[in-house]
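Structural features, examined
Here is what each chain is made of, one letter per residue.
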Amino acid sequence: MVAAGPWGGCGQEDLSQADGCGVPSGAQPLSRCPGSARGRAGHLYCGHCDTARPRALPPARSLPYGGGRGSPLGPGHGGGGRSRAGEALLPARIKDGGRGARGAGRVGWGRAAAARYRARRSRGARPAAAPQRRAPRRPPPPRDRPRPPPGQWRSARAGGAGRRRASGSGGPWPAAQSRPGQAGRAAGSGRGGDGTRRGAMPTLSENVLFGMGNPLLDICAVVDKDFLDKYGLKPNDQILAEEKHKELFEELVKKFKVEYHAGGSTQNSVKVAQWMIQSPYKAATFFGCIGKDKFGEILKKKAEEAHVDAHYYEQSEEPTGTCAACITSDNRSLVANLAAANCYKKEKHLDLEKNWKLVEKAKVYYIAGFFLTVSPEAILKVATQASANNKIFSLNLSAPFISQFYKEPMMKVMPYVDVLFGNETEAATFAREQGFETEDIKEIAKKTQALPKVNTKRQRIVVFTQGKDDTVMATANEVTTFPVLVSDQSEIVDTNGAGDAFVGGFLSQLVYDRPVTECIRAGHYAASVIIKRSGCTFPEKPDFH
């Protein structure tokens, strides 16, 4: 019998005359051991077939690892056993802890095997039973209930039977109309217009909402009746500053304890929308004109604190626009000095490439009607861009005098308006100027909705608020009313910012492409928060679900 080589089997090749696995002693380590012919005790332990465990063996024909095809480990793992002469006949790679007779081997490969052998020999233990093949895994049992058809989902934890989702993503426009992020998606696909799975909170990008208007620094202070009388102010009024009011703003700052807030109708709505959105910061963008002065610096700081991405056109011809809020008891007298807000130049700001890229980045646009008095050409450029790209452009009637004295620029913009806001007074004035011949606010909303429109992929939505009375909404198919949130009269502090807050809440859900009913609910919530505070201010975080 031939001694085993450092890498091979027991070296016996003639299986008809002797025991052994038949692998030459010089075989490579990955050569397959074909097994022993008879597996008698006394032949060299096969160092090539590692799974056979050496021990004191019984007669050859009862060896647990004997004989090729008869071996429980199958062909290639037979011929096991160890000579009764003991360890002297162990293969070199086990005895030497992994090094063969020629000093070349896998370092450490045989140490564990040698240790197991010595431990078993010292206590006379039998080798572990041969590993058994694992039974094949049974296929899973059939489902005890059918799968829901495509487009339907079920909440097992809630125990509900599931419900069919309506066609499309449930946004404010019918599924047949094209919406941002909705191209190529079939109705009932399980994903919303923003591409997120239904039920998951979608992620907004920065600058998704764009606003442009008259930025004013609100200067709020509690004053006495003598101060109002000195400047001819009424307790609850809104006026534009005249020559006699020039000294009012400086005296207000010097004589009373004041609070500063970033104001102006559009900027207020954009602030509230950003507050409702929360994350990411700078989801809302604002354009307007300010002066290079102290009030301008305060305004920039306040806009930054509100996390609004404000890009002001700064000029030195006029001071920053301000609005004095003179508060007496439950009344609030507003005196607005537009100043720099009237100086916005489209060609010097909006037309700049870096600024126009921010406009193109947005998917929802909002401009208050007040800005028609400043730069109607800038409004028209933004409106046409939104319509051409099937994005949402919204406008506010803002005040009765806009419909009366700025009727022509307003009606040039109206064909591009997807969402129109206003209150009952503004709506009634607009109806008279348009010759609707009705004072019913539902009829006014319906007729306004039906005015000519450029982008026919989106039917216009008209939303009129009525203070504490129901909000009216007109779509192409129907006119609907929505009750406002009931507030305790004793909790109401200031209602002047309610309209701006409603628009901000509405826009905060519109950017998510949520149903218009949800947009109105958010608007009502935002307004209910603002009327309980002085000015258009709000707590750190909203409690809207």
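If you check an unreviewed UniProt entry, the chain appears there as Adenosine kinase from Cairina moschata. As its UniProt record puts it under Pathway (unreviewed entry), the chain is described as follows: "Purine metabolism; AMP biosynthesis via salvage pathway; AMP from adenosine: step 1/1." The record held by UniProt for the chain lists under Sequence similarities (unreviewed entry) the comment "Belongs to the carbohydrate kinase PfkB family."

Here's the deal with the confidence of the model for the chain
The predicted model of the chain averages 76 in pLDDT, with 66% of residues at 70 or higher. Contacts from residues 1-20, a stretch scored under 50 in pLDDT, to residues over four places away or in other chains number 76 contacts. In the predicted structure, residues 25-45 sits below a pLDDT of 50 and forms 89 contacts with residues beyond four places in sequence or in another chain.

Focus on the UniProt feature "active site" (unreviewed entry) in the chain
In the UniProt entry, the feature "active site" (unreviewed entry) is given for Asp500. The topology assignment puts Asp500 in helix H14 (residues 498-510). The buried category is assigned to Asp500, whose relative accessible area is 14%.

Digging into the environment of Thr448
Inspection of the secondary structure puts Thr448 in helix H13 (residues 441-449). Residue classification places Thr448 among the buried residues on the basis of a relative accessible area of 0%. Measuring from C-alpha to C-alpha, the distance between Thr448 and Ile461 comes to 9.1 Å, with 13 residues separating the pair along the chain. Here Thr448 is in contact with Leu420, Phe430, Phe436, Arg460, Val462 and Phe464, once residues within four sequence places are set aside.

Remarks on the packing of aromatic side chains
Throughout the structure, instances matching the rule amount to 17 aromatic pairs. Each ring, one from Tyr260 and one from Phe295, has its centre 6.2 Å from the other, and the planes form 50 degrees; the classification is tilted. Here Tyr260 is found in strand E6 (residues 259-263), whereas its partner Phe295 is found in helix H6 (residues 294-305), with 35 residues between them in sequence. Side by side, Tyr260 and Phe295 carry an identical accessibility label, which is buried. Members of the aromatic cluster, connected to one another through ring pairs, are Trp275, Tyr525, Phe538 and Phe544. Over the aromatic face of Trp356 sits the side chain of Lys381, whose NZ or CZ is 4.4 Å from the ring centroid. Taking NZ or CZ as reference, Arg514 lies 4.3 Å from the ring centre of Tyr512, over its face.

A look at the pairing of strand E7 (residues 284-291)
Burial runs high along E7: eight of the eight residues are buried. What you see with E7 is no split at all: Ala284, Phe286, Gly288 and Ile290 on one side and Thr285, Phe287, Cys289 and Gly291 on the other are buried throughout. Where strand E3 (residues 209-212) meets E7, four bridges bridge the pair, whose relative direction is parallel. Counterpart to Phe210 in the pairing with E7 is Thr285. In this sheet, strand E8 (residues 309-315) lies alongside E7 in parallel orientation, the contact comprising seven bridges. Each residue of the ladder has a partner; that of Ile290, found in E8, is Glu314. Since E7 and E8 lie parallel, the crossover through H6 that links them has a hand, and here it is right-handed.

Details of the pairing of strand E11 (residues 364-368)
Burial analysis of E11 places five of its five residues in the buried class, which makes it a mostly covered element. A two-sided burial pattern is seen for E11, the buried positions comprising Val364, Tyr366 and Ala368 on one face and Tyr365 and Ile367 on the other. Examined bridge by bridge, E3 and E11 share four bridges and lie parallel to one another. Pairing of Met212 across the sheet is with Ile367, part of E11.

Overview of the side chain of Lys271
If you trace the backbone, Lys271 turns up in helix H5 (residues 265-277). Of the side chains with opposite charge, Asp218 comes closest to the buried, unpaired Lys271, at an N-O distance of 6.0 Å. When neighbours within four sequence positions are excluded, Lys271 is seen to be in contact with His261, Ala262, Ala306, Val308, Cys536 and Phe538.

Quick look at the sheet that holds E6
Ordered by their spatial adjacency, five strands build an open sheet running E5-E10-E9-E4-E6, and the pairing between neighbours is mixed. Among the strands making up the open sheet, the edge pair consists of strand E5 (238-240) and E6. Strand-to-strand, the axes of this sheet are offset by a mean angle of 20 degrees, without reference to chain direction. Bridging between strand E9 (residues 322-328) and strand E10 (residues 331-337) involves seven bridges; their strand directions are antiparallel. Directly across from Cys323, in E10, lies its bridge partner Ala336. The sheet contacts of helix H4 (residues 248-255) involve strand E4 (216-222), E6, E9 and E10, and relative to E9 the element is tilted by about 55 degrees. Running at roughly 95 degrees to E6, H5 makes contact with E4 and E6 of the sheet.

A word on helix H15 (residues 516-530)
An ideal rise of 1.5 Å per residue puts 21 Å on 15 residues; H15 measures up with 21 Å between its terminal C-alpha atoms. The buried fraction of H15 is high, at twelve of 15 residues. Taken together, the buried positions of H15 are Val516, Cys519, Ile520, Ala522, Gly523, His524, Tyr525, Ala526, Ala527, Ser528, Val529 and Ile530.

Some points on the packing of H5 against H14
As a packed pair, H5 and H14 sit with axes 7 Å apart at the nearest point and diverge in direction by 45 degrees. Overall, the two elements H5 and H14 adopt an arrangement that is oblique. Relative to H14, the crossing made by H5 is right-handed. Every residue of H14 that contacts H5 at Ser265, Asn268, Ser269, Val272, Ala273, Met276 and Ile277 is listed here: Asp500, Ala501, Val503, Gly504, Gly505, Leu507 and Ser508. Of the residues contributing to the contact of H5 with H14, the split by class is seven nonpolar, six polar and one charged.

Quick look at the pattern of salt bridges
Counted by the stated rule, this structure contains 13 salt bridges. A salt bridge links Asp418 to Lys453, with the nearest nitrogen and oxygen atoms 2.6 Å apart. With Asp418 in the loop between helix H11 (407-413) and strand E13 (419-423) and Lys453 in the loop between H13 and strand E14 (461-466), this pair connects stretches of sequence that are 35 residues apart. Note on accessibility: Asp418 and Lys453 belong to one class, buried. Among the charged side chains, a salt-bridge network with shared partners connects Glu297, Lys300 and Glu314.

What counts, and at which threshold
Residues numbered from 1 in each chain as written. Predicted model: local features only at pLDDT ≥ 70, side-chain atom pairs only at ≥ 80, totals over all residues. Heavy atoms only, no water. UniProt positions renumbered as here; feature names shortened; annotations may be inferred. pLDDT = per-residue confidence, 0-100. Contact = heavy atoms within 4.5 Å. Helix = DSSP H or I, 4+ residues; strand = E, 2+ residues; numbered from the N terminus. Buried < 20%, exposed > 50% of the residue type's maximum accessible area, 1.4 Å probe, protein only. Phe/Tyr/Trp six-rings, centres within 6.5 Å; stacked < 30°, edge-to-face > 60°. Lys NZ or Arg CZ within 6 Å of the ring centre and 35° of its normal. Pairing = 2+ DSSP bridges. Right-handed = clockwise from strand over helix to strand, strands pointing away. Lys, Arg positive; Asp, Glu negative; His and termini not counted. Salt bridge = Lys/Arg side-chain N within 4 Å of Asp/Glu carboxyl O. Axes fitted to C-alpha atoms, helices over the stretch in contact; angles between N-to-C directions. Expected span 1.5 Å × (residues − 1). Parallel < 35°, antiparallel > 145°, perpendicular 65-115°, else oblique. Left-handed = near helix turned anticlockwise from the far one by under 90°. Nonpolar A, V, L, I, M, F, W, Y, C, P; charged D, E, K, R; others polar.

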